[in-house]
Amino acid sequence: MPGIDECLLEVMRLPGARSAAVVDWTSGLALGTIGESPNGDHEATAAETAEVARMAAEQPAFAREATEPPTALPEGAVEGSPPPVEDVIVTTRAGYHILRFVETSFDSSVFVHLWLDRAEGNLALARIRLGEMAQRLVLA
């Protein structure tokens, strides 16, 4: 099973990949980065994307299925478990930002951020491959 560095290298093989990072969304710290940063600073980008991830992960509107009552946790979820959100996609004129949450056996608050060039990348393929990679990621 690959670690952070191997996963980031794998993600950068996707067509149109500009950068990738593994980020802790509770602290906003980058656990690993590769490529260029959208704003020139990997640490600032990690903190900014962590805000977006945290907003999505903590909102009740995204935390339950449409058939569940508003106060119920998703089926199988326990307090402190990873968010039920799989990923967040932000589109810009020049690219896509995919934030993919990583589920682990412990209380994980980690996601992978992929910045993909809009003209060269394939959003659907990137989302599928990022999900596969996130399942194999081993955090040590």
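Refer to the structure above for everything that follows.
Because the structure is predicted, anything quoted here is derived from the model rather than measured.

Quick look at the nonpolar core
- In this structure, Val11, Leu114 and Leu130 are the most contacted members of the largest nonpolar core, which totals 20 residues.
- Of all the secondary structure elements, the ones that give two or more residues to this core are helix 1 (4-11), strand 1 (17-24), strand 4 (95-102), strand 5 (110-117) and helix 3 (123-136).
- Each residue touching Leu114, except ones within four places of it in the same chain, is listed here: Val11, Leu14, Ala17, Ser19, Ala20, Tyr96, His97, Ile98, Ala126 and Leu130.
- Membership of the second largest hydrophobic core comes to 14 residues, among which are Val23, Ala50, Ala56 and Phe101.

Overview of the sheet that holds strand 5
- Across the sheet, five strands lie side by side as 2-1-5-4-3; this open sheet has antiparallel pairing. Looking at strand neighbours, the two that pair on one side only are strand 2 (29-35) and strand 3 (87-91), the edges of this open sheet. On average, each strand axis in the sheet is tilted by 15 degrees relative to the strand beside it, whichever way the strands run.
- Bridging between strand 3 and strand 4 involves five bridges; their strand directions are antiparallel. By the bridge assignment for strand 4, Val88 is matched with Leu99.
- Against the sheet, helix 2 (residues 42-58) contacts strand 1, strand 2, strand 3, strand 4 and strand 5, and its axis sits at roughly 120 degrees relative to strand 2.

What counts and how
Residues numbered from 1 in each chain as written. Predicted model: local features only at pLDDT ≥ 70, side-chain atom pairs only at ≥ 80, totals over all residues. Heavy atoms only, no water. Core = buried A, V, L, I, M, F, W, Y, C linked by side-chain atoms within 4.5 Å. Buried < 20%, exposed > 50% of the residue type's maximum accessible area, 1.4 Å probe, protein only. Helix = DSSP H or I, 4+ residues; strand = E, 2+ residues; numbered from the N terminus. Contact = heavy atoms within 4.5 Å. Pairing = 2+ DSSP bridges. Axes fitted to C-alpha atoms, helices over the stretch in contact; angles between N-to-C directions.

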